[in-house]
Amino acid sequence: MSVAVDYEQAGELKIGQVGIANLRIRTLDVERLTEEMRSRVQRAPNMFGRAAVVIDFGGLSHTPDTATAQALLDGLRAAGVLPVALAYGTSETDRLAQALGLPLLAKFRASYERGEAGADAPAAPAPKREAPAPAAEPARAARAPAPAATAAASSVGMIQSTPVRSGQQIYADNRDLTVLTTVGAGAEVIADGSVHIYGPLRGRALAGAQGNTKARIFCREFHAELVAIAGHYKVLEDIPKELRGKAVQIWLEDEQIKIAALD
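What you see is a predicted model, and the numbers here were worked out from it, not measured in a lab.

A. Quick peek at the overall build of the chain. The helix and strand inventory of the chain stands at seven helices and 15 strands. When burial is assessed residue by residue, the chain has 32% of its 263 residues classed as buried. Counting only contacts in the chain whose residues sit at least 6 apart along the sequence, the fraction spanning at least 24 positions is 38%. Just so you have it, the chain exposes about 16,000 Å², and 53% of that area is on carbon and sulfur atoms.

B. Spotlight on the packing of helix H1 (residues 30–43) against helix H3 (residues 66–79). At a minimum axis separation of 8 Å, H1 and H3 run at an interaxial angle of 20°. As judged from the angle between their axes, H1 and H3 are roughly parallel. Here H1 runs over H3; the crossing is right-handed. Counted together, Val30, Leu33, Thr34, Met37, Arg38 and Val41 of H1 and Thr68, Ala71, Leu72, Gly75, Leu76, Ala78 and Ala79 of H3 form the full contact between these two elements. Residues belonging to the contact of H1 with H3 are distributed by class as follows: nine nonpolar, three polar and one charged.

C. Inspection of the sheet that holds strand S13 (residues 232–235) at higher detail. With mixed pairing, the five strands of this open sheet are ordered in space as S6-S8-S10-S12-S13. Two strands in the sheet have a free side with no partner beyond their single neighbour: strand S6 (169–172) and S13. Ignoring strand direction, the axes of neighbouring strands in this sheet form an average angle of 10°. Note that S6 and strand S8 (residues 188–191) share four bridges and pair parallel.

D. A look at the pairing of strand S9 (residues 195–201). Most of S9 is tucked away: five of the seven residues are buried. With three bridges joining them, strand S7 (residues 177–179) and S9 adopt parallel strand pairing. Across the sheet, leucine 177 pairs through a bridge with valine 195, a residue of S9. When S9 meets strand S11 (residues 217–222), the two strands line up parallel, connected through five bridges. Note that in S11 the partner of proline 200 across the bridge is glutamate 221.

E. A look at the nonpolar core. Ranked by size, the top nonpolar core spans 29 residues in total, and within it Val189, Ile197, Leu201, Phe222 and Ile250 carry the most contacts. Once you skip the residues sitting within four places of it in the chain, phenylalanine 222 turns out to touch Leu201, Val227, Ile239, Leu243, Arg244, Gly245, Lys246, Val248, Ile250 and Ile259.

F. Structural context of a nonpolar patch on the surface. On the surface, a nonpolar cluster with roughly 310 Å² of combined accessible area is contributed by Ile159, Leu180 and Tyr198. Along the chain, isoleucine 159 turns up in strand S5 (residues 158–160). Take isoleucine 159: its relative accessible area is 58%, and that puts it in the exposed class.

G. Region of the structure containing unusual backbone geometry. Positive phi outside glycine occurs at arginine 50, with the angle close to 60°. Topologically, arginine 50 is positioned in the loop between helix H2 (45–48) and strand S2 (52–56). The exposure class of arginine 50 is exposed, given its relative accessible area of 64%. For alanine 230, which is not glycine, the phi dihedral falls at a positive 50°.

H. Main features of the pattern of salt bridges. Considering all chains together, one arrives at seven salt bridges under this definition. The partner of aspartate 56 in a salt bridge is arginine 24, and the shortest N-O contact between them spans 3.7 Å. Here arginine 24 lies in strand S1 (residues 21–24) and aspartate 56 lies in strand S2, a separation of 32 residues in the sequence. In terms of burial, aspartate 56 and arginine 24 fall into one category: buried. For arginine 32, the salt bridge is made with glutamate 36, and the minimal N-O distance between the two is 3.5 Å.

Calculation criteria
Residues numbered from 1 in each chain as written. Predicted model: local features only at pLDDT ≥ 70, side-chain atom pairs only at ≥ 80, totals over all residues. Heavy atoms only, no water. Helix = DSSP H or I, 4+ residues; strand = E, 2+ residues; numbered from the N terminus. Buried < 20%, exposed > 50% of the residue type's maximum accessible area, 1.4 Å probe, protein only. Contact = heavy atoms within 4.5 Å. Areas by Shrake-Rupley, 256 points an atom, 1.4 Å probe, with all protein chains shown as cover. Axes fitted to C-alpha atoms, helices over the stretch in contact; angles between N-to-C directions. Parallel < 35°, antiparallel > 145°, perpendicular 65-115°, else oblique. Left-handed = near helix turned anticlockwise from the far one by under 90°. Nonpolar A, V, L, I, M, F, W, Y, C, P; charged D, E, K, R; others polar. Pairing = 2+ DSSP bridges. Core = buried A, V, L, I, M, F, W, Y, C linked by side-chain atoms within 4.5 Å. Patch = residues over 30% accessible without salt bridge, like charges linked within 9 Å, V, L, I, M, F, W, Y side chains within 5 Å. Salt bridge = Lys/Arg side-chain N within 4 Å of Asp/Glu carboxyl O.

Spatial relationships are all this shows, so hold off on functional conclusions.
Structure, rendered in structure tokens:
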């Protein structure tokens, strides 16, 4: 008697991009860190309330002991956020994550390393090539336009022509992002370069996602829940009321978010 076998998976696992806040610890003062986070949640509950947070101890000279790290996790939970992982750093961080029962995320540490190196760091010199023999010169000349074409292709920005709706996230990898319509409340647009929005911005806009401090955000009607450049952010509650509803540009200056009307 044959038995039917069900090969369909009960759960489908997919790896995707999610927006997770990253808290880099610079001073290991549990009480102060807890109060700072509580203040953020109180000022912007829709943004930070029950938000997933990755803890990064890479800014400290020593990895904290398990008891101190656990006290920090408990404090952050009491403040209203949910620590979900540690950012990868050293083997000590790995052991600490195991002791706390949390996963490690390497993405955040890599992002910091790129940002600290500087967005305008000079590119590595091209490998030195032997001078071609005269007979090979025509072939070399024929190939010369190829690098320019490649550079042009990589600089083409991403264009989003339909509205970005609540719960939707658009990410422009290694390029600028242009949104021709609305970014709705609860939606998120992210670019490694600059972000241009030709309609109302009611959700979140993040430029310079991989540490480019020269990136900017431009929008025609400003009601953003949050704006960020290279990890530095402002929420709506921190933005002067006279700028709301205006056409603005947003940039980073001396590690501070600056916002100015375009009109």
